[in-house]
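For reference, the chains in residue letters:
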Amino acid sequence: MVFFLRPSMSSRRLVLLLSVYFFFVLNLPLLARLVDILEQQASVKLGFVLSIPVFFIASLNVLFTLVAVKYLEKGIFVLLLLLSSLVSYAMFQYGVVFDRNMMANIMQTHQGEARSYLNAASLLWFGLTGLLPALLLARVRIEHGGLVKDLLWKGVSVLGSLAAIALIALFYYKDYASVGRNHNYLKQLIIPTYYLSSAGGYVNQTYLKEELPWRTLGEDARVERPRHNGKPNLLVLLVGETARGMNFELNGYPRETNAFTQRQGVVSFQSVSACGTATAVAVPCMFSRQSRVEYDAERTERQDNLLDIMQRAGIDVGWFENDGGCKGVCERVPTQAFRPEDVGPLCDGDYCQDGVMLEPLRQALDQPGQQDRVLVLHMVGSHGPTYYQRYPAKFAHFTPDCQRSDIQNCSARELVNTYDNTIYYSDYIISQVLNELKQRQDNWNTGLVYLSDHGESLGESGLYLHGMPYALAPVEQTRVPLLMWLSDGLSQEAKLDSQCVQRQAKEGDFSHDNLFDSMLGLMGIKTALYQPALDMLAPCRAG
Ligand SMILES: [Zn+2]
């Protein structure tokens, strides 16, 4: 390498060189995976492939420039080279993932165990990619100009790198988003950012952060309702995934995406916004006492949520999980999870289609009982980018659809067709659940609520998928559907005027913040926590 020959080098050039070295040599595990992924794609844009090294090197250049502080930089980079070489070997050879748990393992490893990893290959790799460059770096005299000149050059270097990243995003954002979403684990392969953040997380968790004490909420919660007909209440709450409100026919979308529920008497709330643009935020938030503005993940995790309070009030609560996890919400209630590994026509190894929940739900509904009951179905819904795998072939109502995961290579029309098929199939699932509830009105006061966690971008303004920071997120990602159906029995029990409910749905502005109190109100739960102002149905309640 060039800099071996020169005993001195400017700091910014050294940083750039290290960035190139880290990408092409130490990130070998990442490069190998990227080559595999790109080979599997049906068609790949040359510009996208060529932009990948530029993207990573520019990103590393920004990171390294920030830590290249005079007097400290040599020590930092020597250490980084040595550690990264070891990490790179373990990842490439053993497929080790350097997450927080692995950091805990490493901290607890004894010498004998560590010795077992010593062999000719690992020593050779470490010697050539870690030790040798570190020794060479140790000998280089790093040049700095004056403070002002130095800062100026750093500024130019960082801004230049950021400009390159922005330019790449402008042209290939959807390619990066698609590859990233389909291969979520790729971020774990990036050296040194992933192992450094894991180590930071481990140190923070083990030595710095104190776990918040558990906070019990709604200790006074109890069901207190008229029992006018003596029947228990039975509510099914369907939590959808990635369904956006504007693609619901019931909200005025000009395609028959609600072909199944259209004539079933459901009420659709026209204006509902989500608490977040990603599942991990929106799902815990909608079940928490906190509003979107107050929401704090750590605090929410350490206190009772809506399900805990309903359970405490004496309601029989159950959760059906078909979306890869309930984000902590269902931790303390009986849960039935559907595993994609299960062989069955509706499961493909990665996901199960939502129809998989129908038979187990029927069985749960058939369980006799006098206790009020709330069953939550967490659907995989419209989870992308593999939309076409969310519905069985016979539900491909809108064609041609996009039968591939690299959605950026489908036409806009194919993509929307595929997405609308997921809504169409979800609508079928909702209508099936509705039929089950309608059949059980003799024994129960039945009701159904469906809502989605967040929306989705389908190419509008060049955006795809979801997860944009809330302040910047377009309405496609933040507007969600909310459907409701109440049997006469439940309507009377909750003292609701159904015409007023329809008016609320048509005219009111609501959000996930309203779920908590609306559910308490609907199920007749009395607690000091209840805030009538947030109950969507409160204005329609008599007395
Ligand atoms: Zn989601």
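Our structure is the block above this text.
Model, not experiment: these values are computed from the prediction.

Scanning the protein for helices and strands turns up 19 helices and 15 strands. When burial is assessed residue by residue, the protein has 51% of its 543 residues classed as buried. Of the roughly 25,300 Å² of accessible surface on the protein, a fraction of 58% belongs to carbon and sulfur atoms.

Ideal geometry at a metal centre: 109.5 degrees between donors when four sit tetrahedrally, and 90 or 180 degrees when six sit octahedrally. Donor atoms from the polypeptide that bind the zinc ion are Glu241 (OE), Glu241 (OE), Thr279 (OG1), Asp453 (OD) and His454 (NE2), placed at 1.8 to 2.8 Å. Between consecutive donor residues of the zinc ion, the sequence gaps follow E-x37-T-x173-D-H. Within this pair, whereas Thr279 is found in helix H11 (residues 279-287), its partner Asp453 is found in the loop between strand E10 (445-452) and strand E11 (457-458), the two being separated by 174 residues in sequence. Here Thr279 and Asp453 have matching classes, each one buried.

Roughly 700 Å³ of internal volume is contained in the second largest pocket. Of the residues contributing to the lining of the second largest pocket, the split by class is 5 nonpolar, 11 polar and 6 charged.

Next up on the list: the pairing of strand E9 (residues 373-378). For a regular strand, side chains alternate in direction, first toward one face of the sheet and then toward the other. The buried fraction of E9 amounts to 6 of the 6 residues, a majority that puts the element mostly inside the structure. Side chains Arg373, Leu375 and Leu377 of E9 all project onto a buried face; the interleaved residues Val374, Val376 and His378 project onto the opposite face, where all are buried too. Taken together, the 6 bridges between strand E7 (residues 316-321) and E9 define a ladder with parallel strand orientation. Looking at the pairing, Phe320 lines up with Leu377 of E9.

A few words on helix H5 (residues 73-94). Since the α-helix packs 3.6 residues into each turn, any two residues three or four apart lie on the same face. With 22 residues, H5 extends 31 Å between its outermost C-alpha atoms, agreeing within 8% with the 32 Å of an ideal straight helix rising 1.5 Å per residue. The set of residues buried in H5 consists of Glu73, Phe77, Leu80, Leu81, Ser84, Ser85, Val87, Ser88, Tyr89, Ala90 and Met91. Check the buried side of H5 and you find it contacts helix H2 (11-26), helix H3 (28-40), helix H4 (46-67), helix H8 (120-139), strand E2 (141-143) and helix H10 (193-208). Of the residues one or two after H5, Gly95 is the one with positive phi, at around 65°.

Further remarks concern the state of the cysteines. Going through the model one piece at a time under the given rule, you end up with 5 disulfides. The residue that forms a disulfide with Cys275 is Cys285, at a sulfur-sulfur distance of 1.8 Å. In this structure the cystine formed by Cys275 and Cys285 twists about its S-S bond by roughly 65°; its chirality is therefore right-handed. Of this pair, Cys275 sits in the loop between strand E6 (271-273) and H11 while Cys285 sits in helix H11, placing them 10 residues apart in sequence. Grouping residues by exposure puts Cys275 and Cys285 together as buried. Two residues, Cys347 and Cys352, share a disulfide whose sulfurs are 2.1 Å apart. Of note, the bridge from Cys347 to Cys352 carries an S-S torsion of about 105° and is right-handed in sense.

Turning our attention to the side chain of Asn305. Examined against the element boundaries, Asn305 turns out to sit in the loop between helix H12 (297-301) and helix H13 (306-312). A distance of 3.0 Å separates a polar side-chain atom of Asn305 from the backbone oxygen of Val329. Once you skip the residues sitting within four places of it in the chain, Asn305 turns out to touch Phe287, Gly328, Val329, Arg332 and Phe516.

The rules we used
Residues numbered from 1 in each chain as written. Predicted model: local features only at pLDDT ≥ 70, side-chain atom pairs only at ≥ 80, totals over all residues. Heavy atoms only, no water. Helix = DSSP H or I, 4+ residues; strand = E, 2+ residues; numbered from the N terminus. Buried < 20%, exposed > 50% of the residue type's maximum accessible area, 1.4 Å probe, protein only. Areas by Shrake-Rupley, 256 points an atom, 1.4 Å probe, with all protein chains shown as cover. Donors = N, O, S within 2.8 Å, 3.2 Å for Na, K, Ca; no water. 1 Å grid on protein atoms, 1.4 Å probe; cavity = no way out; pocket = protein on both sides within 12 Å on 5 of 7 lines; lining within 4 Å. Points joined across faces, edges and corners; volume = space filled by probe spheres on them. Nonpolar A, V, L, I, M, F, W, Y, C, P; charged D, E, K, R; others polar. Pairing = 2+ DSSP bridges. Expected span 1.5 Å × (residues − 1). Contact = heavy atoms within 4.5 Å. Disulfide = S-S within 2.5 Å. Polar contact = N/O pair within 3.5 Å; in protein donor to acceptor, adjacent residues only side chain to side chain.

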